Amino acid sequence: MRTSTFTWLFTFLGAALCLIHYLFHDHDAFYMLFYALSVPAWFASAFTNIYEISMFRMLIIYALTVATWALVGYVIDRFSVSYRRNRNY
């Protein structure tokens, strides 16, 4: 039995996080929410100036954020399938 519920849920969460940051990046609350929940954004400041960033680099950060959240969901799905399989035996 294979499920991908959390993979999709967390992928949409990452995409919503990026969309909200893109639309409302000038509001401090959304700006801080994105940088608190985006793992790639944590490390972006080591490679670029996050206050004057090009749109191309921001799109890379957005793509990596969605991929990171999808990976987190995939790991949860894999653990849940493994847990259910071991519980049934």
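Just above, that's the structure.
All figures in this text were calculated on a predicted structure; none of them were measured in a lab. (Residues numbered from 1 in each chain as written. Predicted model: local features only at pLDDT ≥ 70, side-chain atom pairs only at ≥ 80, totals over all residues. Heavy atoms only, no water.)

1. With respect to helix 1 (residues 5-24)
Here helix 1 is 20 residues long and its end C-alpha atoms lie 28 Å apart, about the 28 Å a rise of 1.5 Å per residue gives. For helix 1, the set of buried residues is Thr7, Phe10, Thr11, Gly14, Leu17, Cys18 and His21. One side of helix 1 carries all its buried residues, which in axial view fall inside an arc of 120°. Turned more than 90 degrees away from the buried face of helix 1 sit Thr5, Trp8 and Phe12, all of them exposed. (Helix = DSSP H or I, 4+ residues; strand = E, 2+ residues; numbered from the N terminus. Expected span 1.5 Å × (residues − 1). Buried < 20%, exposed > 50% of the residue type's maximum accessible area, 1.4 Å probe, protein only. Arc of directions from axis to C-beta.)

2. Looking at the side chain of Thr48
Mapped onto the elements of the fold, Thr48 is located in the loop between helix 3 (39-47) and helix 4 (55-88). Reaching out from Thr48, the side chain makes a polar contact with the side chain of Arg57 at a distance of 2.9 Å. Excluding anything up to four places from it in sequence, Thr48 contacts Ile53 and Arg57. (Polar contact = N/O pair within 3.5 Å; in protein donor to acceptor, adjacent residues only side chain to side chain. Contact = heavy atoms within 4.5 Å.)

3. Comments concerning the packing of aromatic side chains
Under the criterion given, the structure shown has seven aromatic pairs. Ring geometry for Trp8 against Phe12: centres 6.0 Å apart, planes inclined by 35°, an arrangement best described as tilted. Here Trp8 pairs with Phe12, and both are found in helix 1, just four residues apart, close to one helical turn. With respect to burial, Trp8 and Phe12 carry one shared label: exposed. When the ring of Tyr31 is compared with that of Tyr35, the centres are 4.9 Å apart and the planes differ by 50°; the resulting orientation is tilted. Here Tyr35 and Tyr31 lie together in helix 2 (residues 28-37), a separation of four residues that amounts to about one turn. Here Tyr35 falls in the buried class, since its relative accessible area comes to 14%. (Phe/Tyr/Trp six-rings, centres within 6.5 Å; stacked < 30°, edge-to-face > 60°.)

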